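# Descriptive structure summary
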Protein chains: 2
Amino acid sequence: MVTFLSARDIARIVGEVGARRFWLRLVDELRRDFLRWDAFEKSARYASHSPRGVIELMPASDGETFAFKFVNGHPGNTSLNLQTVVAFGALADVATGYPTLIADMTLATALRTGATSALAAAHLARPGSKTMALIGLGAQSEFQACAFQAVLGVDRLRVFDVDPDAVEKFERNMADYGMTIVRCTDAYSAAAGADIVTTITADKKFATILSDNMIPLGAHINAVGGDCPGKTELARELLLRSQIFVEYAAQTRVEGEIQQLGPHHPVTELRDVLSGRRPGRASNDAITIFDSVGFAIEDFTILRLLRDLALETGVGGKIDLIAEPENPKDLFSLLHPLDAEREEVAPRLKTKQLA
Amino acid sequence: MVTFLSARDIARIVGEVGARRFWLRLVDELRRDFLRWDAFEKSARYASHSPRGVIELMPASDGETFAFKFVNGHPGNTSLNLQTVVAFGALADVATGYPTLIADMTLATALRTGATSALAAAHLARPGSKTMALIGLGAQSEFQACAFQAVLGVDRLRVFDVDPDAVEKFERNMADYGMTIVRCTDAYSAAAGADIVTTITADKKFATILSDNMIPLGAHINAVGGDCPGKTELARELLLRSQIFVEYAAQTRVEGEIQQLGPHHPVTELRDVLSGRRPGRASNDAITIFDSVGFAIEDFTILRLLRDLALETGVGGKIDLIAEPENPKDLFSLLHPLDAEREEVAPRLKTKQLA
């Protein structure tokens, strides 16, 4: 039997563990997996493009556990009242090839994205950063706020979205989390005075959400919304005067903000900052940017953590995803219960028996 | 909600439809999908190799439906009393990216493999072929026997396996199917007098199950067991004097019997025979070989058929694989039920409210 975790199960796990402890544990496991980067098999994701969107399979393996995520991207889904991105994931045991977990990853991806952003900011933002601008209050926004609250102690949010409904939804969702939320009239005023500026808008085009003159010296920019070719949020001039940090340069140069720059523009991979091999923030006045696009190892980490927590908390179901005949060489026995319909296939034998 | 089909559900579907009608419908749908070959996006499978085996993701899409199969290959699993190959598959709607089906594919792969072999033989074997040699009586053997019975009317089997337990298992499973089963002492005597010779041994090495002098003129060879680099069953000399048919030449040259031949040895793709673009059997005396390795379109076909039959028969379950918040932009609402644990995150607010 394979463990099955729905989004509801995952929410229950977060509840059982406690949200703050869950975020801290997820960030800790992300840090450890980023630090053992070389243990992972890296490979291109598989992408199937169609006029309305893309379907991707993203595999990752550390030689012990194999993970993959199925994820789509269909910008037009909003007009059908469907989500633009849904996802599910699976784990398998590398030693036997048997799958062990199937889980929703729509919610799980939001959790790991928030945690990865918080991990990067914990190492790159100025110490004592407590005020965050949140520009774009869509599906990912609350997860960013909660992760930054749990990991960095962010307690003040300066928020902006072009859609007033999104602002109301955000304030409603965050009402009980004890953060001071300041509504701002535009991205410019949201960014003013913020220690950390998080951009998570959904425009699938080259947009300039942050221009060069909006960012105070010393800010950390957590750029989450630009995550595919043609989708960026930061002005090129801003990138040019900032220190840029990425998950995996080869992927980010195609999908991230830095697709606007030359292929050799210097960037630092987050794991090298975590390990101390390369410096993080150069000075209190430097602008640091985490150009986040999402990486397969992050999916691996959250799936493995959810598998472990399902065991620890007893939350989750089981599905018989894999046929398990008593004798592995006797797969056909699985069809045996069908006595009734055999008569159709073997009328002659029936006749013989009756004779 | 996503439809979920376990192996038990699939067996129930086969029972509801009737085995013979199921085989005929599956073969018919395979034929139609092979004939619209160009509608499919072809792509390399993703393979993750480890010391004990391989895990693969095999995607296929016709622009309307996206399918993929997760499948492993772990030869050493038998010593753990585990299956060497297990699999599951999924379908998604290309227009929205939403998954629609998760299903066992261990049983489903055995069904589609038998049906593909029968489809090829129906077009390549001499008319009136009723006697089949079955060499190798492992997990796939009964599926081959049943498919050939349903599609070609094969009613006489000449069987051989080095393992007497496998022979007994096969005879037990096929006892009620109204076929005459002749036990043979070796592969040579099994092949003698057979119209069709099916090889499905499991040796993962260059083995010669069929040598050149064993095959009567006019036979059709259904070579199923050789399906990866280094695993073949037929003597090279036999290949050289036969007409060879394959699913997809580029893949079969790497994985099939023809890996023993030069990269330009002439082979015919099955779809070209089905469409009439290229001739099939040249004469009554010709030896035809279907060098079967399994192709992603076959997985696509069986998954789509199972999805349709689940609807028609009402068999199968539903799982909430995909988080579906009422408002697609309000993913965070899925975490809302966790009121109790919010106190931990937001102690200050609690205090404020009490003040």
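Structural data are supplied above this passage.
Scope of this entry: the structure provided in the associated data block. (Residues numbered from 1 in each chain as written. Chains lettered and ligands numbered in written order. Predicted model: local features only at pLDDT ≥ 70, side-chain atom pairs only at ≥ 80, totals over all residues.)

## Some points on the overall build of chain A
Note the cut-off: Counting from the N terminus, the helices are the DSSP runs of H or I reaching at least four residues and the strands are the DSSP runs of E reaching at least two. Buried residues are those with 20 or more other C-beta atoms within 10 Å of their own C-beta, exposed residues have 12 or fewer, and partly exposed residues lie in between; C-beta atoms are placed from the backbone. A residue pair is marked as a contact if its C-beta atoms, positioned from the backbone, fall within 7 Å.
Along chain A, the regular secondary structure elements total 12 helices and 17 strands. Considered along the principal axes of its C-alpha atoms, chain A spans approximately 95 × 45 × 40 Å. Within chain A, the fraction of its 355 residues that count as buried is 53%. For chain A, the share of sequence-separated contacts (at least 6 apart) that also reach a separation of at least 24 residues comes to 71%.

## Observations regarding the sheet that holds strand β6 (residues 99-104) of chain B
Residues and elements named next belong to chain B. Filter applied, for reference: Pairing between strands requires that DSSP locate at least two bridges from one strand to the other. Orientation is described by axes fitted as lines to C-alpha atoms, over the contacting stretch for helices, and by angles from 0 to 180 degrees between their N-to-C directions.
The strand order across the open sheet formed by 7 strands is β2-β3-β4-β5-β6-β1-β17, and the pairing between neighbours is mixed. Because the sheet does not close on itself, it has two edges, and the strands there are β2 (46-50) and β17 (317-319). Between one strand axis and the next, the sheet turns through 20° on average, direction left out of account. Note: strand β1 (residues 2-5) against β6, 3 bridges, orientation parallel. Within the sheet, the bridge partner assigned to L5 lies in β6 and is A103. Contacts between helix α3 (residues 106-124) and the sheet are confined to β5 (87-93) and β6, with β6 contributing the most and set at about 85° to the helix.

## Notes on the relation of the copies chain B and chain A
Note the threshold: Each copy is superposed on the other by least squares, with the fit set by C-alpha atoms of residues at a pLDDT of at least 70 in both.
Once chain B has been moved 0.0 Å along the axis and rotated by 180°, it coincides with chain A to within an RMSD of 0.0 Å. On this basis, the relationship between the two copies can be described by a two-fold rotation axis. Both copies present the same face, since 100% of the interface residues in chain B are matched by interface residues at the equivalent positions in chain A.

## Quick notes on the interface of chain B and chain A
What counts is decided by this rule: Note on residue classes: Ala, Val, Leu, Ile, Met, Phe, Trp, Tyr, Cys and Pro are nonpolar, Asp, Glu, Lys and Arg are charged, and everything else, Gly too, is polar.
Contacts between the two partners involve 81 residues from chain B, matched on the other side by 82 residues from chain A. Each residue belonging to the side of chain B that touches chain A can be placed in one class, and the counts come to 43 nonpolar, 23 polar and 15 charged.

## Focus: unusual backbone geometry
Residues and elements named next belong to chain A. Phi is positive for N81, which is not a glycine, with a value near 55°. As for its position among the elements, N81 is in the loop between β4 (65-73) and β5 (87-93). Residue classification places N81 among the exposed positions, given that 9 C-beta atoms sit within 10 Å.

## Notes on the pairing of strand β1 (residues 2-5) of chain A
Strand residues, when the strand is regular, have side chains that alternate between the two faces of the sheet. With 3 bridges connecting them, β1(A) and strand β17 (residues 317-319) of chain A associate as antiparallel partners. Note on β17(A): the bridge partner recorded for A:T3 is A:K318.

## Some points on helix α1 (residues 7-17) of chain B
Residue and element names in this part refer to chain B. Most of α1 sits out of view: 8 of its 11 residues are buried. Looking only at α1, the buried set comprises A7, D9, I10, A11, R12, I13, V14 and V17. Looking at the packing, one finds that the buried side of α1 touches β1, α2 (19-35), β6, α3 and α10 (296-313). At the C-terminal side of α1, G18 shows a positive phi close to 95°.

## Some points on the nonpolar core
To keep things clear, this is the line we draw: To define a nonpolar core, we join buried Ala, Val, Leu, Ile, Met, Phe, Trp, Tyr and Cys residues through C-beta atoms within 7 Å and take the resulting set.
Formed by 232 residues in total, the largest nonpolar core has its most connected members in A:L306 and B:L306. Residues contacting B:L306, with those up to four places away along its chain left out, are B:L5, B:I10, B:I13, B:A103 and B:A108.

## Details of the sheet that holds strand β7 (residues 131-135) of chain B
Residue and element names in this part refer to chain B. Strand order in the open sheet made by the 8 strands is β9-β8-β7-β10-β12-β16-β14-β15, with parallel pairing throughout. Strand pairing shows two members of the sheet lacking a second neighbour, β9 (180-183) and β15 (268-269), which therefore form its edges. One ladder, built from 4 bridges, connects β7 with strand β10 (residues 196-199); its direction is parallel. Bridging from a neighbouring strand, L134 pairs with T198 of β10. The strands that helix α4 (residues 141-152) touches are β7, β8 (156-160) and β10; relative to β7, the one it contacts most, it runs at about 170°.

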